[in-house]
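The lines below spell out each chain.
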Amino acid sequence: MMPIHREAADRVVTELSNDSRIAGIGVGGSWLTGMDRYSDIDFVVAVYPEHEEAVSAERVTMAERCGSLLAAFTGEHVGEPRLLVCLYGPPVLHVDLKFVSLSDLHERVEDPEILWQRGEDMSRAMNGREASYPYPDLQWIEDRFWVWVHYGALKIGRGELFEAIDFIGYLRAQVLGPLLLARLGRRPTGVRRIEEVSSEASAALAKTLCGHDRASCGKALRAAIELYRELRRGRGIAQREAAELAATSYLDEVL
C-alpha cells in the first residue's frame, strides 16, 4: 500500500468519526485484494438510519473536511446514488465515499475491512448475512444475446461504426469479460485486470477489438460470437437456436 492511501484513510477516519451520526467506516475494493499506485480507495461510511437523509445532504461538505477536494459528484451513472465520487489533490487521488444506512449493510457484495466503528454497531449490522457478489446469469444472457448481435449488425450495415464499436465494447464488459473471469474462479468484474489474470483470456478478448471500418467491426463481432459460444458450451442452458441462426445469417448478409 502506498503512503498516499494510508494517509487518506487516516484523514477520513479522523474527520468522520467525530460525527455522532456516523456508526462506522470501512474500506473495500482494492484495499482487500491488493493495492498499487494506481488504486483508488472505496470507503463504506455507515450512517445511523435516522440521520441518513441529513448526512446525504451534507456529503460534499463532509468530503471537503477529509482533504483538498478538487471535485465531487454522486454515483447515479453507476446506479448508486449513495456514492460520492471524489478527486483529491495534490497528490491526485480518487476516493469513493459510499454513505450507507446501518440498516442496509446486510446487503453488500463484499465484507469491508472496518477501520473504525462506534462500539460494535457496524459489525453487528453485517452479522447474520454473508456478502454476495452477483454472478452472470447465463440464461438471462442467452435470452438477449442474439437480439444484441442483430442490433450490432444493424449498426455495421448502416455505417454507424462508432455505435458498433461501443456495442462490441458493451459485449466485452457485460458478457464476455465477466464469463471469462467467472470461469477462472475470479469475481466477474467486467474486464478488470484480466490481462493479469490470464494471458489466454486476454488474447481471446483482444480478438474482439476493432478499428473504425466495416470489415474490422464485422470481424470483431464474429470473434465475440465465437467466444460467447465457447463460454456457454456445456452450461445446460436453453439455447435460442432460431434467434441465433437469424441473427448470424443477418450479420453474414450485412458483411
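Residues numbered from 1 in each chain as written. Predicted model: local features only at pLDDT ≥ 70, side-chain atom pairs only at ≥ 80, totals over all residues. Heavy atoms only, no water.

Labelled according to an unreviewed UniProt entry, the protein chain appears under the name Nucleotidyltransferase domain-containing protein, originating from Pendulispora rubella.

Now for the packing of helix 10 (residues 214-232) against helix 11 (residues 241-254). What describes two packed helices is the angle between their axes and the distance between those same axes. With their axes 11 Å apart at the nearest point, helix 10 and helix 11 run at an angle of 160 degrees to one another. With respect to each other, helix 10 and helix 11 are oriented roughly antiparallel. With respect to the hand of their crossing, helix 10 and helix 11 are arranged in left-handed fashion. Taken together, the residues of helix 11 that come into contact with helix 10 (itself represented by R214, L221, R222, I225, R229 and R232) are E244, T248, L251, D252 and V254. The residue makeup of the contact of helix 10 with helix 11, split by class, is four nonpolar, one polar and six charged. (Axes fitted to C-alpha atoms, helices over the stretch in contact; angles between N-to-C directions. Helix = DSSP H or I, 4+ residues; strand = E, 2+ residues; numbered from the N terminus. Parallel < 35°, antiparallel > 145°, perpendicular 65-115°, else oblique. Left-handed = near helix turned anticlockwise from the far one by under 90°. Contact = heavy atoms within 4.5 Å. Nonpolar A, V, L, I, M, F, W, Y, C, P; charged D, E, K, R; others polar.)

What follows is about a nonpolar patch on the surface. On the surface, a nonpolar cluster with roughly 270 Å² of combined accessible area is contributed by L70, L87 and V92. If you trace the backbone, L87 turns up in strand 4 (residues 80-88). (Patch = residues over 30% accessible without salt bridge, like charges linked within 9 Å, V, L, I, M, F, W, Y side chains within 5 Å. Areas by Shrake-Rupley, 256 points an atom, 1.4 Å probe, with all protein chains shown as cover. Salt bridge = Lys/Arg side-chain N within 4 Å of Asp/Glu carboxyl O.)

Moving on: the nonpolar core. Residues F145, L171, V175, L176, L221 and Y228 are the most contacted members of the largest nonpolar core, which totals 33 residues. Mapped by element, the contributors of at least two residues to this core are helix 6 (138-158), helix 7 (161-183), helix 9 (199-206), helix 10 and helix 11. Here the element with the most residues in this core is helix 7; it accounts for ten residues. If near-sequence neighbours (up to four positions away) are discounted, L176 is found in contact with L171, L205, T208, A224, L227, Y228 and L231. Judged by nonpolar contacts, the second largest core, of 25 residues, contains L16, V55, L84 and L97. (Core = buried A, V, L, I, M, F, W, Y, C linked by side-chain atoms within 4.5 Å. Buried < 20%, exposed > 50% of the residue type's maximum accessible area, 1.4 Å probe, protein only.)

So, on to the environment of R144. Counting through the fold element by element, R144 comes out in helix 6. When the C-alpha atoms of R144 and A8 are compared, they prove to be 43 Å apart, with 136 residues separating the residues in sequence. A polar atom in the side chain of R144 sits 2.9 Å from the backbone oxygen of W140. (Polar contact = N/O pair within 3.5 Å; in protein donor to acceptor, adjacent residues only side chain to side chain.)

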